[in-house]
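Spelled out from the first residue to the last, the chains are:
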Amino acid sequence: MSKRKQMLDKLPFDRRTFIKAASLGATSLLLSSPAFGIGTKQPIGHVVIIGGGYAGTTAAKYIRMWSNNTIAVTVIEKQSQFVSCPLSNLVLGGSKSINDLTFGYDAIQNNYDINWVQDEVTAINTTRKKVNMKRGEVSYDRLIVAPGVDFTYEDLPSLQSAAAQEKIPHAWKAGWQTVNLRKQLEAMPDGGVFVLSVPKLPFRCPPGPYERTCQVASYFKTHKPKSKVIVLDANPDIVSKKGLFSKVWETDYKAIIDYRPNSSIIDVDVATKTVSTDFETVKADVLNIIPPQRAGKPAQIADLLEPDYPWCEVSFLTYESKRVPNVHVIGDSVAAGLPKSAHMATSQARVCASAIVELMQGRLPDPEPVFANTCYSFVDDKRAIHVANVYRYDAGKKIMVSEEGGGLSAKPSEQEGQYANAWATNIWSDVLT
């Protein structure tokens, strides 16, 4: 079976296979060499992957599968469970719970004999090819850094503390902050004001803030009809699915949503939940500030970010860093004119995995990678919209460019909502089993 065919295949999904991660015990200790189960082939090399999100987990699976288990893989992930950012806005709307989006790593670890380490990276020596963690260290032949995004608070210092973020959550990494923000919305009196601040591009999931706007507005429409949503967008306009979101806001939520473009936050009063822009001061009952973003902390530790630019430049044939050899970057940390989405992360992971398998066996990687990206957004509890694109490698520009074959929803529909849920089920299955 060809690798391209394998990329398209979906494994059967069984929700019962996802259980809470068990204690990792000794696997968090010193890792002088990767440990694998009885009967595993002698590895021809060792790949260490930092990050167990969509990108890192997908890369781990396909390196093991496409190398016929001849490349050893160790994944270092700080969290004990996988929590999906896609669909997490539905927790704010009330149609999903965080438990619906939370899965264990047992299946992917056991099915592909991956050495899984729950720990936090503290240092990366790219000269010695060694990763240090709080409870051990591990050497590699090639390193994949898939740390997602980090948040920058240089311009919003009042939000740097844990206490401030508990009171004013960003909820841009699904988990406890998502639950916290939902509780704040539930506790807010009818007639209250929810203020959402959107940072300038690029940031993770471009349509995400506007889907969140819909979800909160939908909740208010049913349960708190006197309440308002004010969107303070640092961008000059809606940055993704503009026509579709604008139409929904006009037809479904006109009395609820107040959209204000070119509204960068310059100051935040945490105690009073008041924000200031260049033009006005706005007080909220529930304040949700999505901070500016950059490549995740492990990418910073490895010195993979470009000077004066918060993302990592890579070769799009291999996703190898342009700054550091034998280190690859995938997912949201990559500098590219492409959406930072879960589907994009898994697509990059497959290209990277394929390239590493070829390189470690003395062969050249695919010179013409092609992949697709699909992104769904829910406008209420049942209806969704989507955008899809196909991307191909342009050898002259040395980047991935949009190709014919994409598409955009004509309008929101419940059928698209069903497709969106099926998409999520399939991608969770592919990544985690």
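See above for the structure.
Values in this document were obtained by computation on a predicted structure and should not be read as measured data. (Residues numbered from 1 in each chain as written. Predicted model: local features only at pLDDT ≥ 70, side-chain atom pairs only at ≥ 80, totals over all residues. Heavy atoms only, no water.)

Enquirer: Even after reading the chapter, I still don't get empty space enclosed by the protein, so can you show me in this structure?
Expert: One simple way to see leftover space: roll a probe sized like a water molecule over the atoms. According to the stated counting rule, one finds one cavity of 30 Å³ or more in the structure shown. Put simply, the largest cavity is a space of about 60 Å³. If you go around the largest cavity, the residues you meet are Gly-331, Asp-332, Val-334, Ala-336, Leu-338, Pro-339, Lys-340, Ser-341, Met-344, Ala-345 and Gln-348. Split by residue class, the lining of the largest cavity holds six nonpolar, three polar and two charged. (1 Å grid on protein atoms, 1.4 Å probe; cavity = no way out; pocket = protein on both sides within 12 Å on 5 of 7 lines; lining within 4 Å. Points joined across faces, edges and corners; volume = space filled by probe spheres on them. Nonpolar A, V, L, I, M, F, W, Y, C, P; charged D, E, K, R; others polar.)

Enquirer: Would you mind going over the sheet that holds strand S5 (residues 115-118) with me for this structure?
Expert: Picture the strands of a sheet paired through backbone hydrogen bonds; they go either parallel or antiparallel. In space, the five strands of this open sheet follow the order S5-S2-S1-S9-S19, with parallel pairing throughout. Sheet topology places S5 and strand S19 (327-329) at the edges, where each strand pairs with a single neighbour. On average, adjacent strands in this sheet sit at an angle of 20° to one another, irrespective of strand direction. Examined bridge by bridge, strand S2 (residues 71-77) and S5 share four bridges and lie parallel to one another. Bridging from a neighbouring strand, Thr-74 pairs with Asn-115 of S5. Against the sheet, helix H2 (residues 54-66) touches strand S1 (45-50), S2, S5 and strand S9 (142-145), its axis set at about 165° to S2. This element, helix H10 (residues 342-360), spans S1, S2, S9 and S19 of the sheet and lies at about 175° to S9. (Pairing = 2+ DSSP bridges. Helix = DSSP H or I, 4+ residues; strand = E, 2+ residues; numbered from the N terminus. Axes fitted to C-alpha atoms, helices over the stretch in contact; angles between N-to-C directions. Contact = heavy atoms within 4.5 Å.)

Enquirer: Honestly, the packing of helix H7 (residues 208-223) against helix H8 (residues 242-252) in this entry has me stumped. Any pointers?
Expert: The axes of two packed helices give the description: the angle between them and the distance between them. Where H7 meets H8, the axes come as close as 11 Å, and the angle between the chain directions of the two elements is 15°. Taken together, the axes of H7 and H8 are roughly parallel relative to one another. Crossing angle aside, the handedness with which H7 passes H8 is left-handed. Residues Tyr-210, Glu-211, Thr-213, Cys-214 and Lys-221 of H7 form the contact with H8, whose own contacting residues are Phe-245, Val-248, Trp-249 and Asp-252. Taken together, the residues of the contact of H7 with H8 sort by class into five nonpolar, one polar and three charged. (Parallel < 35°, antiparallel > 145°, perpendicular 65-115°, else oblique. Left-handed = near helix turned anticlockwise from the far one by under 90°.)

Enquirer: I keep staring at the sheet that holds strand S21 (residues 384-394) and nothing clicks. Help me out?
Expert: Pairing is antiparallel in the open sheet, where three strands are placed in the order S20-S21-S22. A single partner strand is all that each edge strand has here, and the edge strands are strand S20 (370-378) and strand S22 (399-408). Shown here is a sheet whose adjacent strand axes are inclined to one another by a mean of 25°, direction ignored. For S21 and S22, the ladder comprises seven bridges, and the chain directions are antiparallel. What sits directly across from Asp-394, in S22, is Ile-399. H10 rests against S20 and S21 of the sheet, and its axis sits at about 160° to S20.

Enquirer: In this structure, what is going on with the side chain of Gln-293? I would like to understand it.
Expert: Checked against the element boundaries, Gln-293 lands in strand S18 (residues 293-295). Of the polar contacts made by the side chain of Gln-293, one reaches the backbone nitrogen of Arg-204; its length is 2.8 Å. For Gln-293, the side chain forms a polar contact with the main-chain oxygen of Pro-291, separated by 3.2 Å. Non-local contacts of Gln-293, meaning those with residues more than four positions away in its chain, are made with Val-149, Asp-150, Phe-151, Thr-152, Trp-172, Pro-199, Phe-203, Arg-204, Pro-310 and Trp-311. (Polar contact = N/O pair within 3.5 Å; in protein donor to acceptor, adjacent residues only side chain to side chain.)

Enquirer: Whenever I open this one, the side chain of Glu-211 confuses me. Can you help?
Expert: Residue placement: Glu-211 occurs in helix H7. Lys-241 is the oppositely charged side chain nearest to the buried, salt-bridge-free Glu-211, at an N-O distance of 6.9 Å. Of note is the side chain of Glu-211, whose polar atom sits 2.8 Å from the side chain of Asn-89. (Buried < 20%, exposed > 50% of the residue type's maximum accessible area, 1.4 Å probe, protein only. Lys, Arg positive; Asp, Glu negative; His and termini not counted. Salt bridge = Lys/Arg side-chain N within 4 Å of Asp/Glu carboxyl O.)

Enquirer: In this structure, what is going on with the packing of aromatic side chains? I would like to understand it.
Expert: To describe a pair of aromatic rings, you give the distance between the ring centres and the angle between the ring planes. Across all of its chains, the model carries 14 aromatic pairs by this definition. For the ring pair Trp-249 and Tyr-259, a centre distance of 5.6 Å and an interplane angle of 50° mean the geometry is tilted. Placement of Trp-249 in helix H8 and of Tyr-259 in strand S13 (residues 257-260) is noted, with a sequence separation of 10 residues between them. Put simply, the rings of Tyr-54, Phe-82, Phe-103, Tyr-105, Trp-116 and Trp-428 pair up and form one aromatic cluster. The ring of Trp-311 carries the charged tip of Lys-340 above its face, separated from the ring centre by 3.9 Å. (Phe/Tyr/Trp six-rings, centres within 6.5 Å; stacked < 30°, edge-to-face > 60°. Lys NZ or Arg CZ within 6 Å of the ring centre and 35° of its normal.)

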